[in-house]
Amino acid sequence: MWVVTLYVHDRIKMYEFDNKEEAQKQFDNLTGCKILSEVIYFTDFEDADVMPKRELAFAPN
C-alpha cells in the first residue's frame, strides 16, 4: 500500500493507493508539503514466506 500525506493550511489529508504508479501520479499533481510513503505490514513477509514466523515475534514486555 502507498500513502500520500499532504499538509496544507494547518490540515492533514491522507490518500491511500494500491500501487506506486497511482500514488506517484497523484503526488505529482498535488501542491503543498507532501510525503509519499510505502506501508509494509509484517504479515506481508510471513505470507510471502520471506521470513520465518519466529522472526516476526515481538519481544515480551
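Residues numbered from 1 in each chain as written. Predicted model: local features only at pLDDT ≥ 70, side-chain atom pairs only at ≥ 80, totals over all residues. Heavy atoms only, no water.

**Describing unusual backbone geometry**
Okay, so step 1: Residues other than glycine seldom take positive phi values, yet His-9 does so here, at roughly 50°.
Okay, so step 2: Inspection of the secondary structure puts His-9 in the loop between strand S1 (2–8) and strand S2 (11–17).
Okay, so step 3: You can call His-9 exposed: its relative accessible area is 72%.
Okay, so step 4: At Asp-10, a position not held by glycine, the phi torsion is positive, near 60°.
Okay, so step 5: Considering the arrangement of structural elements, one finds Asp-10 in the loop between S1 and S2.
Okay, so step 6: Residue Asp-10 is classed as exposed on the basis of its relative accessible area, which comes to 84%. (Helix = DSSP H or I, 4+ residues; strand = E, 2+ residues; numbered from the N terminus. Buried < 20%, exposed > 50% of the residue type's maximum accessible area, 1.4 Å probe, protein only.)

**Topic: a nonpolar patch on the surface**
Okay, so step 1: On the surface, Tyr-7, Ile-12, Met-14 and Ile-35 cluster together into a nonpolar patch covering about 420 Å² of accessible area.
Okay, so step 2: Following the sequence through the fold, Met-14 ends up in strand S2.
Okay, so step 3: By relative accessible area, which is 58% here, Met-14 ends up exposed. (Patch = residues over 30% accessible without salt bridge, like charges linked within 9 Å, V, L, I, M, F, W, Y side chains within 5 Å. Areas by Shrake-Rupley, 256 points an atom, 1.4 Å probe, with all protein chains shown as cover. Salt bridge = Lys/Arg side-chain N within 4 Å of Asp/Glu carboxyl O.)

**Some remarks on the confidence of the model for the protein**
Low-pLDDT stretches of the model should not have their predicted coordinates read in fine detail.
Okay, so step 1: Summary statistics for the protein give a mean pLDDT of 83 and a share of 70% for residues scoring 70 or more.
Okay, so step 2: Per-element averaging of pLDDT across the protein places helix H3 (residues 53–56) at the bottom with 56 and helix H1 (residues 20–29) at the top with 96. (pLDDT = per-residue confidence, 0-100.)

**Comments concerning the sheet that holds strand S3 (residues 33–38)**
Okay, so step 1: If you walk across this open sheet you meet the three strands as S2-S1-S3, and the pairing is antiparallel. Either end of the sheet is taken by a strand with one partner, and the two such strands are S2 and S3. Along the sheet, successive strands turn relative to each other by an average axial angle of 15°, direction set aside.
Okay, so step 2: Along the sheet, H1 makes contact with S1, S2 and S3, crossing S3 at roughly 175°. (Pairing = 2+ DSSP bridges. Axes fitted to C-alpha atoms, helices over the stretch in contact; angles between N-to-C directions. Contact = heavy atoms within 4.5 Å.)

**A look at the side chain of Thr-5**
Okay, so step 1: Along the chain, the position of Thr-5 falls in strand S1.
Okay, so step 2: Each residue touching Thr-5, except ones within four places of it in the same chain, is listed here: Ile-12, Lys-13, Met-14, Cys-33, Lys-34 and Ile-35.

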